Amino acid sequence: MAVKTMEVEEEGRKKSIVAYLAIFVVITIINAILARFGVIARPIGPGSSGLYFSVAFMIAFALWFGGWGVLAAYAGCIIGAGWPSGMPLGVNLYWSLADVWQVVIPLAAFRAFDADVRLSTRRDVLIFLVFGWLLNNMVGAGWGAGTLAIARIAPWSDVAGIFIGWLIGNLMVTILITPLLLRCLTPRIRAAELLVKRYWH
């Protein structure tokens, strides 16, 4: 009986990994397409956008799918923003960490404070506003603008403009889109048993 239970659990884990790998591929593609659209629609610097719709979805994906969402944010930025902009691969690999900070900060905060991703209480909303709207976007914009200058892709004189444009655009799309996604779609993801409770499972 115990052996059979272990076999069922092992089979469940394998199915879970396959499901999350499929989710990872799909949300990476979504992130890359949205990143590319933002960079084309409102460019403010190399690979940078003043209207980066991708960030609103990336935050929700990370809160739903944990580490899979973080990896998809990173890959989506590399593929959709940095690479098509002609950014050298070495620079793209560390510049794209801007998107990682933008999603890992709210993910870590929601896990540390045991907040509900559906934003059910005022406390959940406050945690989202501090870590999933303001702090994460400030860090991401600072990282993105600063690393462009460090890599000599953008002059230091442009850093403040890129930072402000990046931050304001991200704040706008995040506050308008992410709470709606979390409120409306979290119950469906929970019902499908796809919501990652910690970071990977």
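Scroll up to find the structure.
Residues numbered from 1 in each chain as written. Predicted model: local features only at pLDDT ≥ 70, side-chain atom pairs only at ≥ 80, totals over all residues. Heavy atoms only, no water.

Visitor: What am I meant to see in the packing of helix H2 (residues 54-65) against helix H5 (residues 97-112) here?
Guide: Angle between the axes and distance between the axes are the two parameters that describe a pair of packed helices. At a minimum axis distance of 9 Å, the contact between H2 and H5 shows a crossing angle of 40°. Between H2 and H5, the angle falls in the class oblique. Relative to H5, the crossing made by H2 is right-handed. Contacts from Val 55, Met 58, Ile 59, Ala 62 and Leu 63 in H2 reach Asp 99, Gln 102, Val 103, Pro 106, Leu 107, Phe 110 and Arg 111 in H5. (Axes fitted to C-alpha atoms, helices over the stretch in contact; angles between N-to-C directions. Helix = DSSP H or I, 4+ residues; strand = E, 2+ residues; numbered from the N terminus. Parallel < 35°, antiparallel > 145°, perpendicular 65-115°, else oblique. Left-handed = near helix turned anticlockwise from the far one by under 90°. Contact = heavy atoms within 4.5 Å.)

Visitor: Explain the packing of helix H6 (residues 122-150) against helix H7 (residues 159-191) here, please?
Guide: Contact pair H6 / H7: the axes reach a minimum separation of 9 Å and the direction vectors enclose 150°. In terms of orientation, H6 lies roughly antiparallel with respect to H7. Read as a crossing pair, H6 and H7 show a hand that is right-handed. Split into classes, the residues belonging to the contact of H6 with H7 amount to 18 nonpolar, nine polar and no charged. (Nonpolar A, V, L, I, M, F, W, Y, C, P; charged D, E, K, R; others polar.)

Visitor: Before we go on, may I ask you to explain the side chain of Ser 48 in this structure?
Guide: By secondary structure assignment, the location of Ser 48 is in strand S2 (residues 48-49). Overall, Ser 48 belongs to the buried group, its relative accessible area being 1%. With residues up to four places along the chain from it excluded, the contact list for Ser 48 reads Val 39, Arg 42, Pro 43, Trp 95, Leu 148, Ile 162 and Trp 166. (Buried < 20%, exposed > 50% of the residue type's maximum accessible area, 1.4 Å probe, protein only.)

Visitor: Explain the pattern of salt bridges here, please?
Guide: Once the charged atoms of two side chains with opposite charge are near each other, the side chains can pair. Here the structure, examined in full by the defined rule, presents one salt bridge. Linking Asp 116 and Arg 190 is a salt bridge whose minimum nitrogen-to-oxygen distance equals 2.8 Å. A residue pair is termed long-range when its members are at least 10 positions apart, and Asp 116 in the loop between H5 and H6 and Arg 190 in helix H7 qualify at 74 residues. (Salt bridge = Lys/Arg side-chain N within 4 Å of Asp/Glu carboxyl O.)

Visitor: Whenever I open this one, the side chain of Thr 186 confuses me. Can you help?
Guide: Tracing the chain through its elements places Thr 186 in helix H7. Of note is the side chain of Thr 186, whose polar atom sits 2.8 Å from the side chain of Trp 64. The residues touching Thr 186, leaving out its near neighbours within four places in the chain, are Trp 64, Val 117, Arg 118 and Leu 181. (Polar contact = N/O pair within 3.5 Å; in protein donor to acceptor, adjacent residues only side chain to side chain.)

Visitor: What is the right way to read the environment of Asn 92 from this model?
Guide: Structurally, the position occupied by Asn 92 is in helix H4 (residues 89-95). Since its relative accessible area comes to 1%, Asn 92 is described here as buried. With sequence-adjacent residues up to four places away left out, Asn 92 is seen in contact with Cys 77, Ile 78, Gly 82, Trp 83 and Met 87. Within the structure, Asn 92 has its side chain in polar contact with the side chain of Ser 96 (distance 2.8 Å).

Visitor: Help me understand the environment of Ala 75 in this model?
Guide: Along the polypeptide, Ala 75 turns up in helix H3 (residues 67-82). Residue Ala 75 is classed as buried on the basis of its relative accessible area, which comes to 17%. Along the chain, Ala 75 and Ala 32 lie 43 residues apart, while their C-alpha atoms are 7.7 Å from each other.

Visitor: Is there a simple way to explain H7 in this structure?
Guide: A bend of about 45° at Leu 185 is the largest found in H7, and the proline Pro 187 appears one to four places after it. Positive phi shows up at Glu 193, right after H7, with a value of about 60°. (Bend = angle between axes of the 7 residues up to and from the residue.)

Visitor: Honestly, the packing of aromatic side chains in this entry has me stumped. Any pointers?
Guide: Any pair of aromatic rings gets described here by the distance separating the centres and the angle formed by the planes. Scanning all chains against the criterion turns up nine aromatic pairs. Aromatic pair Phe 37 and Phe 53: ring centres 6.1 Å apart, planes at 35°, arrangement tilted. Here the residue Phe 37 occupies a position in helix H1 (residues 2-41), and Phe 53 occupies one in the loop between S2 and H2, the gap between them amounting to 16 residues. Of the residues examined, Phe 37 reaches a relative accessible area of 46% and is grouped as partly exposed. The class for Phe 53 is partly exposed, based on a relative accessible area of 25%. (Phe/Tyr/Trp six-rings, centres within 6.5 Å; stacked < 30°, edge-to-face > 60°.)

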